[in-house]
Amino acid sequence: MLLVGLILLIIGFLTGISILWTIGIVLVVIGAVLWILGSVGHAVGGRRHYW
């Protein structure tokens, strides 16, 4: 999710399409939260680790 968010951020920045930029930011934030929760040991979505 982090990777897709970063790709959308880059594409949105290069092309000037603001909706891609916004979706990219949202995906990066959600991916970071899930990654942090998974790394501290909390089960995320029924899984012990989130990659």
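The structure we're discussing is the one just above.
Reading the values: the criteria
Residues numbered from 1 in each chain as written. Predicted model: local features only at pLDDT ≥ 70, side-chain atom pairs only at ≥ 80, totals over all residues. Heavy atoms only, no water. Axes fitted to C-alpha atoms, helices over the stretch in contact; angles between N-to-C directions. Helix = DSSP H or I, 4+ residues; strand = E, 2+ residues; numbered from the N terminus. Parallel < 35°, antiparallel > 145°, perpendicular 65-115°, else oblique. Left-handed = near helix turned anticlockwise from the far one by under 90°. Contact = heavy atoms within 4.5 Å. Phe/Tyr/Trp six-rings, centres within 6.5 Å; stacked < 30°, edge-to-face > 60°. Buried < 20%, exposed > 50% of the residue type's maximum accessible area, 1.4 Å probe, protein only. Expected span 1.5 Å × (residues − 1). Arc of directions from axis to C-beta.

## What to know about the packing of helix α1 (residues 2-15) against helix α2 (residues 18-39)
Phase 1: Two elements in contact, α1 and α2, have axes whose closest approach is 7 Å; the angle formed by their N-to-C orientations is 155°. Our classification of the angle between α1 and α2 gives roughly antiparallel. For the pair α1 and α2, the sense of crossing is left-handed. Each of L2, V4, G5, L6, L8, L9, I11, G12 and F13 in α1 lies in contact with α2, whose residues at this interface are L20, W21, I23, G24, I25, L27, V28, G31 and A32.

## Looking at the packing of aromatic side chains
Phase 1: By the definition in use, this model includes one aromatic pair.
Phase 2: Relative to W21, the ring of F13 lies with its centre 6.1 Å away and its plane at 40°, an arrangement referred to as tilted.
Phase 3: Judged by relative accessible area, F13 falls into the exposed class, the value being 61%.

## Structural notes on α2
Because an α-helix packs 3.6 residues into every turn, residues spaced three or four apart end up facing the same way.
Phase 1: Taking 1.5 Å per residue as the helical rise, α2 with its 22 residues ought to reach 32 Å, and the 31 Å between its terminal C-alpha atoms agrees with that figure.
Phase 2: Every buried residue of α2 is listed here: G24, L27, G31, L34 and G38. For α2, the arc enclosing every buried residue in end-on projection is 105°, short of the 170-degree limit, so these residues lie on one face.
Phase 3: Considering only its buried residues, α2 is in contact with α1.
Phase 4: Positioned one or two residues after α2, G41 has a phi angle of 105°, which is positive.

The values reported here are purely geometric and, on their own, carry no functional implication.
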